[in-house]
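Observations on chain architecture
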Amino acid sequence: MSDLALITPHAKDLGGGFTVRRLLPSALRQAVGPFLFFDHFGPVVASPADNHDVRPHPHIGLATVTYLFEGAMLHRDSTGVVQRIEPGAINWMTAGRGIVHSERTPDDLRGTNRRSHGLQLWAALPVEHEEDEPGFEHTPASAIPSMRLGGVVVRLLIGSAFGATSPVKTLSPTLYADLAFEPGASLVLSAAAAERALYSVDQPFTVDGTPVPAFTMVVLPEGSQPVVAVPQGEHGARIALVGGAPLGHRFMVWNFVSSRKARIVQAQDDWEAQRFERVPGETEFIPLPPRRAEERP
């Protein structure tokens, strides 16, 4: 398949030596379906001396989607939710009109050498839902549909595909699956969403025979039904399938997303003045980054 669009990541330091691979947004395209932010972190081993905690910070106009392959994190937010996030679960946080959250190492893991590996995505919200009330929904790993299709174990995290439907509720058509390929396995992908992309978190794969390196996002042509395969050898591959219906352009500044530029400026003003609701039990926060001239009040 010669008309594949490949997106390579750029490294982003989140602080404390914690670096992620960022695929979206990219110069090639802002979003795939509703997903306009795609970070891959790890696998990384942290020692007791390492501090990879993410202090309280705000969001508007989006939903964060957190999925772990290894490790654990403790989520706290300004709605009062406290949730331990572990591998296989889907955690969907709707920012709407505004939410503040932190992501920290659970206390029971702080004194240990610990591995961390996962994906964090942002989904745009439909314009009519950008100012919804904030909320958080945890779907445990046990509730996620799972099936074996030949040499591929499919976990349908969000949406409908492969003859199954995830219980995760969304506000627009959204697709997200975790595909675990054995060495030499292949899978025909149906056109289950208007826009789709694939990303391997560990090993290379092919799309209709075209090689795709690991840590590279490949955007599939609309309506195509390609054969995705992993070469014979010692290793399989863990591939994320993401997509859905596009929601149009969004303005993005720091952690804020909106269809209206003025709304982002307002959110910057509100965070700078500490008008967002606070996370119970938290005293720290991440300051607003320096603003461009056109963003200053």
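Structure: above.
Cut-offs applied
Residues numbered from 1 in each chain as written. Predicted model: local features only at pLDDT ≥ 70, side-chain atom pairs only at ≥ 80, totals over all residues. Heavy atoms only, no water. Pairing = 2+ DSSP bridges. Helix = DSSP H or I, 4+ residues; strand = E, 2+ residues; numbered from the N terminus. Axes fitted to C-alpha atoms, helices over the stretch in contact; angles between N-to-C directions. Phe/Tyr/Trp six-rings, centres within 6.5 Å; stacked < 30°, edge-to-face > 60°. Buried < 20%, exposed > 50% of the residue type's maximum accessible area, 1.4 Å probe, protein only. Lys NZ or Arg CZ within 6 Å of the ring centre and 35° of its normal. Expected span 1.5 Å × (residues − 1). Arc of directions from axis to C-beta. Contact = heavy atoms within 4.5 Å. Salt bridge = Lys/Arg side-chain N within 4 Å of Asp/Glu carboxyl O. Core = buried A, V, L, I, M, F, W, Y, C linked by side-chain atoms within 4.5 Å.

Quick look at the sheet that holds strand β21 (residues 210-212) now. If you walk across this open sheet you meet the four strands as β18-β23-β20-β21, and the pairing is antiparallel. The sheet terminates laterally at β18 (186-188) and β21, the two strands that pair on one side only. Pairwise comparison of adjacent strand axes, ignoring direction, gives a mean angle of 25 degrees for this sheet. Bridging between β18 and strand β23 (residues 227-229) involves three bridges; their strand directions are antiparallel. Considered in β23, the bridge of Ser186 is made with Ala229.

Attention shifts here to the packing of aromatic side chains. Here a ring pair, both rings aromatic, is described through the centre-centre distance and the interplanar angle of the planes. Counting across every chain of the model gives nine aromatic pairs. For the ring pair Tyr67 and Phe69, a centre distance of 5.4 Å and an interplane angle of 85 degrees mean the geometry is edge-to-face. Considering the side-chain rings of Trp254 and Phe256, the 5.6 Å spacing of their centres and the 90 degrees angle between planes classify their relative orientation as edge-to-face. The exposure class assigned to Trp254 is partly exposed, which follows from its relative accessible area of 27%. Joined through ring pairs, the aromatic side chains of Trp254, Phe256, Trp271, Phe276 and Phe285 make up one cluster. Against the face of Phe215 rests Arg21, its NZ or CZ located 4.0 Å from the ring centre.

This part takes up helix α1 (residues 261-272). Counted at 1.5 Å a residue, the expected span for α1 with its 12 residues is 16 Å, and the 17 Å between its end C-alpha atoms agrees. Of all the positions in α1, only Arg263, Ile264, Ala267, Gln268, Asp270 and Trp271 are classed as buried. Summarising the axial view, the buried residues of α1 lie within an arc of 165 degrees, below the 170-degree limit, and thus occupy one face. Turned more than 90 degrees away from the buried face of α1, the exposed residues are Lys261, Ala262 and Glu272. Each element contacted by the buried residues of α1 is listed here: β5 (54-59), β10 (99-104), β25 (251-253) and β26 (256-258). Looking one or two places after α1, you find Gln274, whose phi comes out positive at around 55 degrees.

Our next topic: the environment of Glu277. Mapped onto the fold, Glu277 is located in the segment after α1. For Glu277, a relative accessible area of 48% puts it in the partly exposed group. For Glu277 and Ala89, which are 188 residues apart along the polypeptide, the C-alpha to C-alpha distance reads 27 Å. If near-sequence neighbours (up to four positions away) are discounted, Glu277 is found in contact with Ser78, Arg97 and Val100.

All right, on to the pattern of salt bridges then. Applying the stated criterion across every chain yields a total of 20 salt bridges. Two residues, Arg104 and Glu282, come together in a salt bridge whose shortest N-O distance is 2.9 Å. Placement of the pair is Arg104 in strand β10 and Glu282 in the segment after α1, with a sequence separation of 178 residues. For the pair shown, Arg104 and Glu282 are each scored as buried.

Moving on, we get to the nonpolar core. One recurring pattern in soluble globular proteins is that nonpolar side chains are buried together. By size, the foremost hydrophobic cluster in this structure holds 28 residues, and its most contacted members are Phe38, Val65, Ile90, Leu119, Leu121, Tyr176 and Met217. For this core, the element with the highest residue contribution is strand β6 (residues 62-70), accounting for four residues. Aside from chain neighbours lying at most four places away, what touches Leu119 is Phe38, Asp39, His40, Phe41, Val65, Thr66, Tyr67, Phe69, Tyr176, Tyr199, Val201 and Ala240. Residues Val154, Phe181, Ala193 and Val207 belong to the second largest nonpolar core, which totals 26 residues.

Spatially, seven strands are ordered β1-β22-β19-β24-β17-β14-β13 in an open sheet, and the strand pairing comes out antiparallel. Edge strands, defined here as strands with exactly one partner in the open sheet, are β1 (5-7) and β13 (146-149). Taken over all neighbouring pairs, the strand axes of this sheet differ in orientation by 25 degrees on average, direction set aside. Two strands pair when backbone bridges link them, and β13 and strand β14 (residues 152-158) are joined in this way by four bridges, in the antiparallel orientation. Residue Arg148 lies in a different strand from β14, and its bridge partner there is Val153.

Most of strand β19 (residues 195-200) is tucked away, with five of its six residues classed as buried. Sheet analysis places β19 next to strand β24 (residues 237-244), joined by six bridges and oriented antiparallel. Following the sheet pairing, Glu195 is matched in β24 by Gly244. Note: β19 against strand β22 (residues 217-220), four bridges, orientation antiparallel. By the bridge assignment, Leu198 is partnered in β22 with Val218.

Nothing here speaks to function; it is geometry throughout.
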